[in-house]
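# Residue-level structural notes
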Amino acid sequence: MEKKGAGHRERLRNKFRKRGIEALNNDEVLEILLTLGTPRRDCKEMSRSLLKKFGSLPAIFDSAPGELEDIKGIGPQNSFALHFIQAVARRYLYQRLQGKHYLSSSREVADYLNHSMRHLKKEVFKVILLDASLAIIDTKTLFEGSLSKNTVYPRELVKLALEYHAAALIISHNHPSGSQEPSPEDRKLTRHLYLACSMIDISLLDHLIIGREDTPYSFADHGDMAEIKRECQNII
């Protein structure tokens, strides 16, 4: 039995080596990952049980450790392995952004924001800091909690931008509900922060909203930033 299971795992690994991750279904991906925590055990049923309970790979990786261990056969080692892989992926996506030009790396920015924010149970406000050539300097979390123009203080955003000598900013926050439609409060906040940045010649280029979709809602792409700019021209 042990020998048969080992042969099956090796066939899965060879499939990946020859044809890449696209050749593996989600059951098989999980099965390989679970062998990191239990290398001498058949992990096929555990992988199927995880997918049946959580519905998708992102939901599994984003779950709490205790939730994973509710599945028969999933112990602390398996839970650690899956959450460690999630953390490594997040760091990889974050570090590959450093120094890249935003306009040619917007897809990578979206991947990082989705991976780091889509699973969160509370709202988180992140800032992507850019230099004068729009290369990415860093990404920082500025606020956690319910967002409004009264809780995300312009002075904190401006202080962060000046600390990093940023010439432009992208702001982003998540909707724990999964909806990506901007609320009236989101629009007020964006306008409020745009005005604050304009006063010190820092460009607020976009506001991205992270929800359940793979592509964030972009204020710039939907024309909202252009509308805010027109509204603010009479004030600045």
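None of the values given here were measured: they were computed from a predicted structure.

All right, on to the overall build of the protein then. Counting its regular elements, the protein contains 10 helices and 5 strands. With the C-alpha coordinates aligned to their principal axes, the bounding extent of the protein is approximately 75 × 30 × 30 Å. In the protein, which comprises 236 residues, the proportion classed as buried is 45%. For the protein, the computed accessible surface area is about 13,000 Å², with 53% contributed by carbon and sulfur atoms. With 35 positive and 31 negative side-chain charges, the protein shows a spacing of 7 Å between the two charge centroids.

For residues other than glycine, phi is negative in most cases, and the peptide bonds are mostly trans. Residues other than glycine seldom take positive phi values, yet leucine 134 does so here, at roughly 70°. With respect to the helices and strands, the residue leucine 134 is situated in the loop between strand E1 (124–130) and strand E2 (136–144). Accessibility expressed as a relative area gives 19% for leucine 134, which makes it buried. The phi angle at histidine 165 is positive, at roughly 55°, despite the residue not being glycine. In this structure, histidine 165 sits in the loop between helix H8 (154–163) and strand E3 (168–174). Residue classification places histidine 165 among the exposed residues on the basis of a relative accessible area of 69%.

Bringing helix H7 (residues 106–117) into the picture now. Since there are 3.6 residues in each turn of an α-helix, residues three or four apart along the chain are aligned in direction. Between its first and last C-alpha, H7 extends 16 Å over 12 residues, near the 16 Å set by a 1.5 Å rise per residue. Residues of H7 that are buried include every one of Glu108, Val109, Ala110, Tyr112, Leu113, Asn114, Ser116 and Met117, and no others. Contacts from the buried residues of H7 go to helix H6 (76–95), E1, E2, E3 and strand E4 (203–210).

Attention now moves to the packing of helix H2 (residues 26–34) against helix H3 (residues 44–54). At their nearest, the axes of H2 and H3 sit 8 Å apart, and the two run at 125° to each other. In terms of their interaxial angle, H2 and H3 are classed as oblique. Crossing handedness for the pair H2 and H3: right-handed. Each of Asn26, Asp27, Leu30, Glu31 and Leu34 in H2 lies in contact with H3, whose residues at this interface are Lys44, Met46, Ser47, Arg48, Leu50 and Leu51. Among the residues forming the contact of H2 with H3, the class breakdown is 5 nonpolar, 2 polar and 4 charged.

This part covers the pattern of salt bridges. The tally for this structure, following the rule as stated, stands at 14 salt bridges. One salt bridge in this structure joins lysine 122 and glutamate 144, with 3.0 Å as the shortest N-O distance. On the criterion of sequence distance, the pair formed by lysine 122 in the loop between H7 and E1 and glutamate 144 in strand E2 is long-range, its members being 22 residues apart. For lysine 122, a relative accessible area of 47% corresponds to the partly exposed category. Given the relative accessible area of 46%, glutamate 144 is considered partly exposed. Here lysine 140 and aspartate 138 are joined by a salt bridge, their closest N and O atoms 3.7 Å apart. Exposure remark for lysine 140: the relative accessible area of 28% places this residue in the partly exposed category. Assessed through its relative accessible area of 11%, aspartate 138 is described here as buried. Salt bridges linked by common partners bring Glu10, Arg13 and Arg17 together as one network.

Here we come to the packing of H8 against helix H9 (residues 184–198). Between H8 and H9, whose axes approach to 10 Å, the crossing angle comes to 45°. Taken together, the axes of H8 and H9 are oblique relative to one another. Viewed along their axes, H8 and H9 form a crossing whose handedness is right-handed. Residues Pro154, Leu157 and Val158 of H8 form the contact with H9, whose own contacting residues are His192, Leu193, Ala196 and Cys197.

This part is about the sheet that holds E2. Read from one edge to the other, the open sheet built from 5 strands follows the order E2-E1-E3-E4-E5, with strand pairing classed as mixed. Two strands bound the open sheet, and with one partner strand each, they are E2 and strand E5 (217–218). The pairing of E1 with E2 spans 7 bridges and is antiparallel. Along E2, the bridge assignment pairs lysine 126 with threonine 141. Across the sheet, helix H10 (residues 224–233) lies against E4 and E5, angled at about 135° from E4, the strand it touches most.

What counts, and where the lines are drawn
- As a convention, each chain's residues are numbered from 1 in the sequence order in which they are written.
- Two thresholds apply to this predicted model, a pLDDT of at least 70 for residue-level local features and 80 or more for giving and counting side-chain atom pairs, whereas whole-chain, interface and lining totals are computed over all residues.
- Note that the side-chain values use all heavy atoms of the structure and ignore hydrogens as well as water.
- The secondary structure listing takes helices from DSSP runs of H or I that are at least 4 residues long and strands from runs of E that are at least 2 residues long, numbered from the N terminus.
- When accessible area is computed with a 1.4 Å probe and restricted to protein chains, residues below 20% of their type maximum are described as buried, those above 50% as exposed, and intermediate ones as partly exposed.
- In these tables, accessible area is a Shrake-Rupley quantity obtained with a 1.4 Å probe, and a residue counts as shielded only by the protein chains included in the view.
- The charged-residue count follows a simple rule in which Lys and Arg add positive charge and Asp and Glu add negative charge, with His and chain termini not counted at all.
- To locate a charge, the coordinates of NZ of Lys, CZ of Arg, CG of Asp or CD of Glu are taken.
- The length a helix should cover is 1.5 Å for every residue beyond the first.
- Contacts are assigned to residue pairs with any non-hydrogen atoms lying within 4.5 Å of each other.
- Fitting a line to C-alpha atoms yields each axis, with helices limited to the stretch in contact; the angle taken between N-to-C directions then spans 0 to 180 degrees.
- Geometric relationships in this document are graded by angle, where less than 35 degrees denotes roughly parallel, more than 145 denotes roughly antiparallel, 65 to 115 denotes roughly perpendicular, and other angles denote oblique.
- Here a crossing is called left-handed whenever its near helix is offset anticlockwise from the far helix by less than a right angle, and right-handed whenever the offset is clockwise.
- Classification used: nonpolar for Ala, Val, Leu, Ile, Met, Phe, Trp, Tyr, Cys and Pro, charged for Asp, Glu, Lys and Arg, polar for all others including Gly.
- Should a side-chain nitrogen of Lys or Arg be within 4 Å of a carboxyl oxygen of Asp or Glu, the pair is scored as a salt bridge.
- Two strands form a pair only when DSSP identifies at least two bridges running between them.

The quantities given are spatial measurements derived from coordinates; they are silent on function.
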